[in-house]
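Topology and contacts: notes
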Number of protein chains: 4
Amino acid sequence: MIIIINKESITDNEIEQVTLRLKNLGFNSHVSNGQSRIVIGAIGENKKDAQKALEALPYVEKIVPISKPFKLVSREFKSHDTKVAIEDLTIGENTFSIMAGPCAVENKNSLKEVAKGIKQAGGKILRGGVFKPRTSPYSFQGLGEEGLKILYEAAKENELKIVTEVMDPRQIDLVSKYANILQIGARNMQNYELLKEVGNSNKPVVLKRGMSSTVEEWLMAAEYILVRDNYQVILCERGIRTFETSTRNTLDLAAVSLVKELTHLPVIVDPSHGTGKWKLVSPMSKAALAAGADGVMVEVHQSPEEACSDGLQSLTIENFTKLTQNLQALAPHFNKRMVTN
Amino acid sequence: MIIIINKESITDNEIEQVTLRLKNLGFNSHVSNGQSRIVIGAIGENKKDAQKALEALPYVEKIVPISKPFKLVSREFKSHDTKVAIEDLTIGENTFSIMAGPCAVENKNSLKEVAKGIKQAGGKILRGGVFKPRTSPYSFQGLGEEGLKILYEAAKENELKIVTEVMDPRQIDLVSKYANILQIGARNMQNYELLKEVGNSNKPVVLKRGMSSTVEEWLMAAEYILVRDNYQVILCERGIRTFETSTRNTLDLAAVSLVKELTHLPVIVDPSHGTGKWKLVSPMSKAALAAGADGVMVEVHQSPEEACSDGLQSLTIENFTKLTQNLQALAPHFNKRMVTN
Amino acid sequence: MIIIINKESITDNEIEQVTLRLKNLGFNSHVSNGQSRIVIGAIGENKKDAQKALEALPYVEKIVPISKPFKLVSREFKSHDTKVAIEDLTIGENTFSIMAGPCAVENKNSLKEVAKGIKQAGGKILRGGVFKPRTSPYSFQGLGEEGLKILYEAAKENELKIVTEVMDPRQIDLVSKYANILQIGARNMQNYELLKEVGNSNKPVVLKRGMSSTVEEWLMAAEYILVRDNYQVILCERGIRTFETSTRNTLDLAAVSLVKELTHLPVIVDPSHGTGKWKLVSPMSKAALAAGADGVMVEVHQSPEEACSDGLQSLTIENFTKLTQNLQALAPHFNKRMVTN
Amino acid sequence: MIIIINKESITDNEIEQVTLRLKNLGFNSHVSNGQSRIVIGAIGENKKDAQKALEALPYVEKIVPISKPFKLVSREFKSHDTKVAIEDLTIGENTFSIMAGPCAVENKNSLKEVAKGIKQAGGKILRGGVFKPRTSPYSFQGLGEEGLKILYEAAKENELKIVTEVMDPRQIDLVSKYANILQIGARNMQNYELLKEVGNSNKPVVLKRGMSSTVEEWLMAAEYILVRDNYQVILCERGIRTFETSTRNTLDLAAVSLVKELTHLPVIVDPSHGTGKWKLVSPMSKAALAAGADGVMVEVHQSPEEACSDGLQSLTIENFTKLTQNLQALAPHFNKRMVTN
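Since the structure is predicted, the reported quantities are computational estimates derived from the model, not experimental observations. (Residues numbered from 1 in each chain as written. Chains lettered and ligands numbered in written order. Predicted model: local features only at pLDDT ≥ 70, side-chain atom pairs only at ≥ 80, totals over all residues. Heavy atoms only, no water.)

1. Some thoughts on the UniProt feature "domain: DAHP synthetase I/KDSA" (unreviewed entry) in chain A
Selection rule: UniProt positions are given in the numbering used here, feature names are shortened, and annotations may be inferred rather than shown by experiment. Only DSSP runs of H or I reaching four residues or more are called helices, and only runs of E reaching two or more are called strands; each is numbered from the N terminus.
Per the UniProt record, the feature "domain: DAHP synthetase I/KDSA" (unreviewed entry) sits at residues 84–328 of chain A. As annotated, residues 84–328 of chain A has a helix share of 39% and a strand share of 16%, and its two end C-alpha atoms lie 20 Å apart.

Laid out in structure tokens, this is it:
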């Protein structure tokens with residue numbers, strides 16, 4: 001059971017009284033403090049009694065009995081699709097979005113070249129890592145703030161929005177100054193302190209599925225963000241780790257169709273990390289559209305063979321342009337609309 | 001290196017001479033005896049010398065140097081798509097095929113009802129198990145020959161072709177009397193004696209991917225069949241076993257796109273076993289088409305809630321009809337054509 | 001519920017009456033025909049009524065209500081450890097057995113050398129494949145009957161018992177003439193026709209766990225053999241397939257401890273296939289003993305670097321001798337006794 | 001190639017010159033700044049030339065060519081076992097250590113009861129979580145600083161050392177005031193910012209293997225800590241995620257034996273999380289000892305059925321005492337010595 005409380009109309013003392021009352025009714029409860037709302041998750045048996053006892057209280061906005069372990073993200077809580085708005089741009093509902101760019105921001109000139117190509121192909125959102133989670137401490141770790149500035153300049157020149165990864169709660173303020181969307185990478189999907197902090201921010205969040213996370217764990221990670229009152233979450237399937245090594249990961253498109261049933265949040269697919277092979281990016285992007293995804297995130301590089309990381313899975317600007325055209329033609333057959341220029 | 005030999009023009013003695021000659025050239029070789037051709041797989045260093053030494057021999061049809069561990073199934077061996085012909089029906093190339101029917105043949109009336117529904121929806125191939133590989137010895141094991149007769153009658157009445165599973169080399173002759181296509185199930189993908197025997201038969205074969213088989217192992221299993229001179233093999237992706245339990249298996253659609261690059265054989269997808277949830281069958285069938293598959297195999301039951309096995313993943317006739325219509329409309333956008341009535 | 005029936009005292013007609021009676025009591029039942037006993041597995045609600053109705057019948061030996069999906073293999077059915085006897089040799093209970101030998105039988109001289117080494121180290125059981133399940137049709141497929149004869153001669157000279165793999169129901173009679181124990185390999189763990197036939201034989205069976213089989217599926221595969229009245233089954237853990245590639249498979253020793261709780265059958269471990277690295281065979285053999293295993297199956301080769309297959313995971317005779325000594329010293333600390341010369 | 005530099009004897013300007021020189025020699029290099037040493041990882045071809053050019057420089061302590069992707073953690077870098085010292089206590093080399101306690105610190109009285117039991121059984125190190133990474137935001141998240149104080153008091157009264165988890169770089173200073181060892185949990189194994197910060201601390205670190213991390217990724221994560229000049233790292237195998245659900249995770253003991261060959265760092269095993277079943281904790285602890293582990297971390301609770309989390313995998317104090325006695329008796333047979341009172 002989820003109890004949504006208007007934060008302005010309740011005192012700390014009253015919150016304590018609510019949880020005490022829940023305890024007396026046999027419920028364990030957990031209070032999550034968002035910006036404008038407080039969410040109390042309560043677990044116990046006599047839901048009807050509890051609902052009756054609480055719904056008359058003036059500060060209680062809504063009480064929703066939910067059977068699933070994830071609550072605010074579920075379709076039981078909210079049946080219609082969530083739209084995430086980034087200024088004039090909409091992600092989710094009946095749109096199909098493309099986020100594109102290099103794995104890592106490497107230097108100003110090459111990023112500008114990619115950004116220009118993306119814009120010309122009709123792209124609206126530029127991706128590029130400046131804080132890179134690398135397996136080896138001896139690998140390129142990203143350009144940090146310098147990279148953010150490059151990203152900002154390249155995006156501004158080409159009227160693109162920016163999505164980029166945060167790896168540490170202490171990076172959120174800095175990254176938020178430049179980016180429109182914060183990305184939580186697969187390795188940090190269960191970095192709960194980081195989830196809480198992006199939940200406290202007012203930025204849209206792309207939440208990648210952990211490489212060995214179940215669908216339920218993924219939705220529970222999203223719940224950590226929503227419970228802090230940030231409902232602008234975009235889920236991103238990027239392949240799971242299995243025994244199969246002929247692809248970098250195993251892209252789980254059935255999970256996309258399943259998650260679209262379970263949650264009202266938009267779901268996108270990253271076929272670049274999902275397969276690790278640029279030749280599979282185009283068929284898997286189309287398959288993602290067919291599976292019901294709300295968009296794709298793809299790696300594009302002006303010269304893939306020279307990329308600092310992940311060159312093998314990057315599209316050239318030319319191939320990206322073709323893919324965008326294909327997707328735009330196909331989208332209406334799946335009740336989606338792709339906004340390009 | 002693969003040496004293809006015309007069987008009629010060579011004696012056993014001459015074969016021995018060829019392998020001896022290969023040995024002297026530093027090659028390990030393996031002779032596979034097909035119906036009309038003999039294939040010698042030879043592994044060694046000086047391919048050019050060996051090719052020169054052998055290609056002049058009168059009984060040598062063709063010598064193909066192939067770098068991959070799988071040879072006859074590879075695009076290096078044969079670049080254009082293989083078409084599998086079942087009388088007037090074609091599987092592969094630019095067609096999209098649907099194989100449909102219940103998991104198990106249960107009784108005559110219900111199968112006839114399903115078969116009629118499949119025909120009316122435009123289906124051409126009826127599936128249904130009569131020898132069932134069941135986890136428990138206490139579960140329904142299939143109707144055996146009685147089931148074959150029911151299958152035959154229902155198919156004939158509705159002008160459908162038949163695909164059904166064989167689990168034991170000793171069943172092949174019997175099943176071949178009734179079925180148009182022999183199916184090798186996931187659990188038997190590496191049952192090499194069975195593969196050899198279906199290779200010796202002259203029936204088309206659907207070869208399901210093992211639930212923990214890599215793409216390479218799957219293609220090597222197909223190689224066992226082709227090397228016996230049976231080239232009519234249809235690969236079937238049906239989901240792999242991973243940590244994820246929210247779907248029955250993890251449907252690996254990227255493997256489909258990848259395999260279409262590696263082999264000339266047709267590849268179909270089984271979204272029923274691949275997901276275990278009927279609601280996901282339709283989006284995954286469309287995603288399979290988008291991924292480049294040559295068809296789907298789906299479970300259809302006249303009354304899924306009463307099915308002996310796998311009811312949760314079976315479509316009703318009504319939903320199957322809708323799916324067929326959807327796929328027929330979508331196919332041309334993926335350069336495929338679906339033959340219905 | 002399991003109903004055990006004395007085969008001699010019942011007619012086919014009476015069996016039909018029993019199943020009819022079960023049907024009327026609301027039970028689905030499945031009859032398995034063993035050599036001297038018939039086992040009826042019955043699934044339904046009113047177990048007490050059914051038990052009362054049936055236990056008075058003269059041919060009914062025993063009725064056991066069992067909650068688990070596996071019945072005859074479970075400790076609920078038989079609480080004390082099963083001993084498998086091979087002439088004078090015992091496997092299971094408080095013994096620790098070692099089965100050793102090359103992956104494949106290659107030729108007489110080298111096998112005799114290995115067999116002699118094994119005997120001198122105190123080994124009692126010789127392993128060696130003559131029918132080999134190989135991923136590639138171009139790899140060495142085993143020596144077949146010739147290999148069986150070599151195996152027999154080498155074993156006889158050194159007073160060893162023989163365990164070797166069968167891959168096809170049609171090989172069972174032949175192999176049974178030479179071998180003391182039939183092995184079902186990991187790839188055939190769910191080859192149910194093969195399981196039924198070794199169930200019909202009167203030979204002890206080593207049943208390897210499938211590379212992606214759950215503990216429950218493994219025990220159900222054993223149930224297929226027991227239900228045919230062959231109770232001499234030895235389970236063998238040989239590693240499962242996971243994402244980890246630094247070892248060939250992931251040896252699941254916790255499954256060994258768990259299975260020892262669930263079943264009365266002996267359980268051994270194959271650390272050679274389980275790890276794919278000979279250096280890990282010794283520590284994993286000791287860990288298997290500590291985990292409660294009843295023995296190990298290890299690959300030994302007189303000259304591992306020249307082996308036809310799996311040389312990297314084979315012990316030299318010298319290292320095998322050391323391992324045997326170590327295990328013999330350690331066994332008593334784990335309430336096990338190792339019979340050597 | 002690894003270049004170790006004495007930090008005090010070099011200026012920033014000189015470091016730049018070194019990397020420039022490496023660049024001219026064709027090397028990509030990465031500088032990691034530790035407390036007293038600087039480590040430059042350099043990747044390129046002509047190692048001999050580079051070594052000659054650099055080893056004469058006064059501030060260069062050591063140059064080590066290492067073939068593996070992990071450097072400082074490898075046995076190539078340091079062949080003898082690392083001992084981690086916590087005051088009078090040693091972990092690693094020929095010792096076998098036990099870390100024990102509840103999953104989460106719940107309240108003062110129960111923790112004191114457990115701590116007393118652990119001390120009486122001969123335990124030396126108390127574990128207990130105060131910052132808990134929980135799948136659900138509605139689950140108990142740990143007592144935070146209050147828990148640290150309870151942990152400190154219970155440990156002090158019983159002369160135990162403390163190990164507890166940090167989940168966020170911002171918690172390190174606080175936790176370091178109370179704990180002797182910082183634990184990085186499985187979910188944070190690739191939280192690289194956190195790894196860098198515990199690398200900058202002067203506390204010993206237990207680094208749990210990620211639930212889908214390969215052995216190589218695990219060692220690379222440890223490298224992140226060593227490269228910052230913190231060599232006191234204890235690796236902890238806690239089970240990996242596979243398809244098998246009969247145990248909570250699949251405990252990978254072969255990885256323990258393998259890692260002991262690859263690295264000089266101590267390796268311990270967590271059979272509680274590794275299996276999720278308290279009955280398997282004892283056999284798996286013994287198997288860990290047999291596999292070459294340097295210790296175990298086990299969950300102990302005064303009343304497992306009442307635990308806030310993970311009760312099913314917790315030992316009672318009584319069973320823990322038995323296990324300690326068993327391990328103490330067995331340790332010498334594996335060249336280990338267990339220090340108890």
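2. Description of the relation of the copies chain C and chain D
Two copies of a chain can be linked by a rotation about an axis combined with a shift along that same axis. Applied cut-off: The copies were overlaid with a least-squares fit restricted to C-alpha atoms from residues scoring a pLDDT of at least 70 in each copy. Two residues form a contact once any of their heavy atoms are found within 4.5 Å.
The transform that puts chain C on chain D rotates by 180 degrees and translates by 0.0 Å along the axis, for an RMSD of 0.0 Å. Here the copies are linked by what is in effect a two-fold axis. Proximity to the rotation axis, assessed at the C-alpha, singles out alanine 287 of chain C in chain C; its C-alpha lies 2.1 Å from the axis. Take the interface residues of chain C: 100% of them recur as interface residues in chain D, which is what a same-surface contact looks like.

3. Re the relation of the copies chain D and chain A
Of the transformation placing chain D onto chain A, the axial shift is 0.0 Å and the rotation is 180 degrees, giving an RMSD of 0.1 Å. Comparing interface residues between copies, 100% of those in chain D also lie at the interface in chain A; the contact surface is shared.

4. Regarding the environment of tyrosine 224 of chain B
Applicable threshold: Here a polar contact means two N or O atoms within 3.5 Å. Within protein one must be a hydrogen donor candidate and the other an acceptor candidate, and residues neighboring in sequence count only if both atoms are side-chain atoms.
As for its placement among the helices and strands, tyrosine 224 of chain B is situated in helix 7 (residues 215–226). C-alpha separation for the pair tyrosine 224 of chain B and serine 257 of chain B, spaced 33 residues apart in sequence, amounts to 22 Å. Apart from the residues within four sequence positions on either side, tyrosine 224 of chain B is in contact with Tyr192, Leu195 and Lys196 of chain B together with Arg134, Thr135, Ser136, Pro137 and Gln141 of chain C. Engagement of the side chain of tyrosine 224 of chain B in a polar contact is seen with the backbone oxygen of serine 136 of chain C, the distance being 3.3 Å.

5. Side note on the side chain of serine 314 of chain C
Residues and elements named next belong to chain C. Applicable threshold: Partly exposed describes any residue whose relative accessible area lies between the buried limit of under 20% and the exposed limit of over 50%, with all areas from a 1.4 Å probe on protein chains only and scaled to the type maximum.
Inspection of the secondary structure assignment puts serine 314 in the loop between strand 14 (295–299) and helix 11 (317–330). The buried category is assigned to serine 314, whose relative accessible area is 3%. Serine 314 has contacts with Trp278, Glu299, His301 and Pro304, leaving out every residue within four places of it along the chain.

6. What about the state of the cysteines?
So the rule is basically this: Cysteine sulfur atoms are paired as a disulfide whenever they come within 2.5 Å of each other.
Summed over all chains, the structure comprises zero disulfides over all chains. Unpaired in this structure, cysteine 236 of chain C has its nearest cysteine sulfur neighbour in cysteine 103 of chain C, at a distance of 13 Å.

7. A word on unusual backbone geometry
Residue and element names in this part refer to chain D. Non-glycine residue glutamate 87 carries a positive phi angle of around 50 degrees. With respect to the helices and strands, glutamate 87 occurs in the loop between strand 5 (84–86) and strand 6 (89–91). Relative accessible area serves as the criterion here: at 63%, glutamate 87 is assigned to the exposed category. Positive phi is not limited to glycine here, since aspartate 229 has a value of about 85 degrees. Relative to the helices and strands, aspartate 229 is located in the loop between helix 7 (215–226) and strand 12 (233–237).

8. Details of the packing of aromatic side chains
Residues and elements named next belong to chain B. Stated formally: Under the pairing criterion, centres of Phe, Tyr and Trp rings, with the six-membered ring standing for Trp, must be within 6.5 Å; the plane angle then separates stacked pairs below 30 degrees from edge-to-face pairs above 60, leaving the rest tilted. By definition here, charges over rings are those cases where NZ of Lys or CZ of Arg is within 6 Å of the ring centre and within 35 degrees of the ring normal.
Per the counting criterion, the structure on display carries eight aromatic pairs over all chains. Judged by centre distance (4.5 Å) and plane angle (25 degrees), the rings of tyrosine 192 and tyrosine 224 are stacked. Highlighted residues: tyrosine 192 in helix 6 (residues 192–200) and tyrosine 224 in helix 7, separated in sequence by 32 residues. Its relative accessible area of 1% is what places tyrosine 192 among the buried residues. Note on tyrosine 224: relative accessible area 2%, which makes it buried. Above the ring of phenylalanine 77, the side-chain terminus of lysine 62 is found at 4.6 Å from the ring centroid.

9. Section: the domain arrangement of chain A
Residues and elements named next belong to chain A. Here is the rule we go by: Domain delimitation follows an automatic or database domain assignment. Note on definitions: buried area is the accessible-area loss of two parts on being combined, 1.4 Å probe, summed for both. Salt bridge criterion: a side-chain nitrogen from Lys or Arg within 4 Å of a carboxyl oxygen from Asp or Glu. Gly falls in the polar group here, along with every residue not listed as nonpolar (Ala, Val, Leu, Ile, Met, Phe, Trp, Tyr, Cys, Pro) or charged (Asp, Glu, Lys, Arg).
When the domains of chain A are assigned, the result is domain 1 (2–65) and domain 2 (84–338). Centre-to-centre separation of domain 1 and domain 2, based on C-alpha positions: 36 Å. With seven residues of domain 1 in contact, the opposing surface of domain 2 contributes seven residues. When domain 1 packs against domain 2, close to 620 Å² is buried across both sides, 41% of that on carbon and sulfur atoms. Among the residues domain 1 hides against domain 2, the three largest losses belong to Ser32, Gln35 and Arg37. Together they make up 56% of the total. At the junction of domain 1 and domain 2, the tally comes to one salt bridge. Salt-bridge contacts for arginine 37 lead to aspartate 229; the nearest nitrogen and oxygen are separated by 3.5 Å. Run the count over domain 1 and domain 2 and you get two residue pairs in polar contact (both at pLDDT 80 or more). Taken together, the elements giving at least two residues each to the side of domain 1 that touches domain 2 come down to strand 2 (28–33) and strand 3 (37–43). Here the residues of the side of domain 1 that touches domain 2 sort into one nonpolar, five polar and one charged.

10. Regarding the side chain of lysine 71 of chain B
What counts, and what does not: Positive charges are assigned to Lys and Arg, negative charges to Asp and Glu, while His and the chain termini are left out of the count.
When you line up the elements, lysine 71 of chain B lands in the loop between strand 4 (60–64) and strand 5 (84–86). Despite its burial, lysine 71 of chain B pairs with no opposite charge; the closest candidate is glutamate 223 of chain B, at 7.3 Å N-O. Engagement of the side chain of lysine 71 of chain B in a polar contact is seen with the backbone oxygen of lysine 68 of chain B, the distance being 2.8 Å. Residues in contact with lysine 71 of chain B, not counting those within four places in the same chain, are Met1, Ile2, Ile66, Phe77 and Glu223 of chain B together with Tyr138 of chain C.

11. Looking at the sheet that holds strand 2 (residues 28–33) of chain B
Residue and element names in this part refer to chain B. Keep this limit in mind: A strand pair is defined by DSSP finding two or more bridges across the two strands. Here the axes come from fitting lines to C-alpha atoms, over the contacting stretch only for helices, and the angles between their N-to-C directions go from 0 to 180 degrees.
The strand order across the open sheet formed by four strands is 2-3-1-4, and the pairing between neighbours is antiparallel. The sheet is open, and its two edges are formed by strand 2 and strand 4, each paired on a single side. Each adjacent strand pair in this sheet contributes to an overall mean axis angle of 15 degrees, direction not counted. Pairing analysis gives five bridges linking strand 1 (residues 2–6) to strand 3 (residues 37–43), with the strands arranged antiparallel. Each residue of the ladder has a partner; that of asparagine 6, found in strand 3, is arginine 37.

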